[in-house]
Amino acid sequence: MNTSIRRLLVTVLGAPTLALVVWALAVPLAGTTLTVRMAGGTQTVDPVSVAVAGLVAGLAGWALLAVLERWSARPGRIWTIIALVVCALSLTGPLGSAVGAAATLVLVLLHLAVGAVLVLGLVRR
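Below, the structure is looked at part by part. Residue positions are given per chain, counting from 1 as you read along its sequence in written order. The predicted origin of the model limits local features to residues at a pLDDT of at least 70 and limits the giving and counting of side-chain atom pairs to 80 or more, whereas totals for whole chains, interfaces and linings rest on all residues. Hydrogens and water are ignored here; the side-chain numbers use all heavy atoms of the structure.

## Considerations on the overall build of the chain
- In DSSP terms, a helix is any run of H or I states spanning at least four residues, a strand is any run of E spanning at least two, and both are numbered starting from the N terminus. In terms of helices and strands, the chain carries five helices and two strands.
- The N-to-C order of helical and strand elements in the chain reads α-β-β-α-α-α-α.
- C-alpha atoms of the chain, sized along the principal axes, occupy 45 × 25 × 20 Å.
- Throughout this description, buried means an accessible area under 20% of the type-specific maximum (1.4 Å probe, protein chains only), exposed means over 50%, and partly exposed covers the range between. Across the 125 residues of the chain, 36% fall into the buried class.
- In this description, contact between two residues means that some pair of their heavy atoms is separated by no more than 4.5 Å. Restricting the contact set of the chain to residue pairs at least 6 apart, pairs at least 24 apart contribute 70%.
- When the accessible surface of the chain is totalled, it reaches about 7,300 Å², and 73% of it is carbon and sulfur. Reported accessibility uses the Shrake-Rupley method at a 1.4 Å probe radius. Residues are deemed covered only where the shown protein chains occlude them.

## Here we look at the pairing of strand E2 (residues 41-44)
- DSSP-based pairing: two strands are paired if at least 2 bridges between them are found. With four bridges connecting them, strand E1 (residues 35-38) and E2 associate as antiparallel partners. Each bridged residue has a counterpart across the sheet, and for Thr35 the counterpart in E2 is Thr44.
- The turn joining E1 and E2, which pair antiparallel and follow one another in sequence, is formed by two residues.

## Observations concerning the packing of helix H2 (residues 47-71) against helix H3 (residues 75-90)
- Where helices are involved, their axes are fitted lines through C-alpha atoms of the stretch in contact, as for all axes, and angles between N-to-C directions lie from 0 to 180°. Running from N to C, H2 and H3 cross one another at 145°; their axes reach a closest spacing of 9 Å. Our pair here, H2 against H3, has a crossing hand that is right-handed. Counting all contacts with H2, which are made through Gly61, Leu64, Leu65, Leu68 and Glu69, the residues of H3 involved are Pro75, Ile78, Trp79 and Ile82. Helix crossings are classified by the rotation of the near helix relative to the far one: an anticlockwise turn of less than a right angle makes the crossing left-handed, while a clockwise turn makes it right-handed.

## Section: H2
- Expected span of a helix, by definition, is 1.5 Å for each gap between consecutive residues, and there is one gap fewer than residues. Relative to the 36 Å expected for 25 residues at 1.5 Å per residue, H2 spans 36 Å between its end C-alpha atoms, a close match to the ideal helical length.
- Val50, Gly54, Gly58, Gly61, Leu65 and Leu68 are the residues of H2 that are buried.
- Contacts from the buried residues of H2 go to helix H1 (3-29), H3 and helix H5 (101-122).

## Looking at the layout of surface pockets
- A pocket, in this scheme, is an open set of points on a 1 Å grid over the protein atoms alone with protein on both sides within 12 Å along at least 5 of 7 lines, while a cavity is a set where a 1.4 Å probe fits but cannot get out; residues line either one if an atom lies within 4 Å of a point. Grid points are joined across faces, edges and corners, and a volume is the space filled by probe spheres set on the points. Estimates place the volume of the largest pocket at around 680 Å³.
- Ala53, Ala57, Ser90, His111 and Val114 are the residues nearest the centre of the largest pocket, which is lined by 30 residues in total.
- Secondary structure elements with two or more residues in the lining of the largest pocket: E1, E2, H2, H3, helix H4 (92-97) and H5.
- Looking at the lining of the largest pocket element by element, the count peaks at eight residues for H2.
- Each residue belonging to the lining of the largest pocket can be placed in one class, and the counts come to 20 nonpolar, 10 polar and no charged. Gly is placed with the polar residues, together with every amino acid not listed as nonpolar (Ala, Val, Leu, Ile, Met, Phe, Trp, Tyr, Cys and Pro) or charged (Asp, Glu, Lys and Arg).

## Quick look at the environment of Leu105
- Relative to the helices and strands, Leu105 is located in helix H5.
- Owing to a relative accessible area of 53%, Leu105 belongs among the exposed residues under this scheme.
- C-alpha of Leu105 to C-alpha of Val36: the two residues are 69 residues apart in sequence and 12 Å apart in space.

## A short note on the environment of Val119
- As for its position among the elements, Val119 is in helix H5.
- Given a relative accessible area of 13%, Val119 falls into the buried group.
- Here the alpha-carbon distance between Val119 and Leu65, two residues 54 residues apart in the chain, equals 11 Å.
- What Val119 contacts, discounting residues up to four positions off in sequence, is Trp79, Thr80, Ala83 and Leu84.

Spatial relationships are all this shows, so hold off on functional conclusions.
Following this line, the structure appears as structure tokens:
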């Protein structure tokens, strides 16, 4: 496996891993309840949903970067701009649906942690 692929895999797996660390510090250790409002009531954010969301975001980011590298003259710059916009837009979820200030803070931190790992790790130097 070449270094570039290894770095991308570490990044894609590192995003949900960091999110799970944040979740573990906030929920079992600090006792925060991560609850969000859904159409039919509320739902608790568990570690499986945290890991799956982080992994899906990482794979989607990697796929977009691969497409941009094939069809764009400046893939890194375009990808970074798109990734930052998507990360900012993703914050509307916890800001609008989290139940309580602590849950809002932790969910925003989860989004920012995944975003930071992906933005810093996926873009090619």
